[in-house]
Amino acid sequence: MYDYTGWIVRSEAGRDKGTLLCVAGVDQQACRLLLADGKRRKLAAPKRKKLGHVSIADQGTFSHPALDALRQGLPVTDRSLRRALAAFRETTRRV
């Protein structure tokens, strides 16, 4: 499975439908994405979701220090992840 770490996705199924989440990792054996938003889903306990249940909002092109650190495998706080998602929301609203 491809490494989607650091991508921003929108949930398309489940009770969190419509929310923006960040891919914190990939579960290779179960073919699921590990998703977190820093508020409801912390990085310590990410949500496991199938790839077909999300739509891709950004394929790693959005640059933010927290997302860059996540892509490199460095530790990231929930607070910085929330700020990265808020910054992404602002850029998509303006466009």
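Scroll up for the structure.
Everything numeric in this text was worked out from a predicted model, so none of it was measured.

Trainee: When you look at the packing of aromatic side chains in this model, what are you seeing that I'm missing?
Mentor: Geometry of an aromatic ring pair is reported as the spacing of the ring centres plus the angle between the planes. Here the structure, examined in full by the defined rule, presents 4 aromatic pairs. Relative to Tyr4, the ring of Tyr2 has its centre 5.3 Å away and its plane inclined at 70°; by these criteria the two rings are edge-to-face. By relative accessible area, which is 53% here, Tyr2 ends up exposed. Given the relative accessible area of 13%, Tyr4 is considered buried. These aromatic residues form a ring-pair network of at least three members: Tyr2, Tyr4 and Trp7.

Trainee: Teacher, can you tell me more about the nonpolar core here?
Mentor: Soluble globular proteins: nonpolar side chains tend toward being buried together. With 14 residues, the main nonpolar core has Ile8, Cys22, Phe62, Leu67, Val76, Leu81 and Phe88 as its most contacted residues. Put simply, the parts of the chain that give this core at least two residues each are strand 2 (20–27), helix 1 (65–72) and helix 2 (78–94). Setting aside residues no more than four positions away along its own chain, Phe62 makes contact with Ile8, Leu67, Arg71, Ala84, Ala87, Phe88 and Thr91.

The rules behind each value
Numbers given for residues are sequential positions, taken from 1 along each chain in its written order. Local features in this predicted model are restricted to residues whose pLDDT is 70 or higher, and side-chain atom pairs enter the listing and the counts only when it is 80 or higher, whereas totals over whole chains, interfaces and linings include all residues. Calculated side-chain values reflect all of the structure's heavy atoms, with hydrogen atoms and water omitted. Side-chain rings of Phe, Tyr and Trp (the six-membered ring for Trp) are treated as a pair once their centres are within 6.5 Å; stacked means planes under 30 degrees apart, edge-to-face means over 60, and tilted covers the remaining angles. Partly exposed describes any residue whose relative accessible area lies between the buried limit of under 20% and the exposed limit of over 50%, with all areas from a 1.4 Å probe on protein chains only and scaled to the type maximum. In these notes, a set of buried Ala, Val, Leu, Ile, Met, Phe, Trp, Tyr and Cys residues joined through side-chain atoms within 4.5 Å is what counts as a nonpolar core. Secondary structure elements follow DSSP: runs of H or I of four or more residues count as helices, runs of E of two or more count as strands, with numbering from the N terminus. Any two residues whose heavy atoms approach within 4.5 Å are treated as being in contact.

Function-wise, these values are silent; they only describe arrangement.
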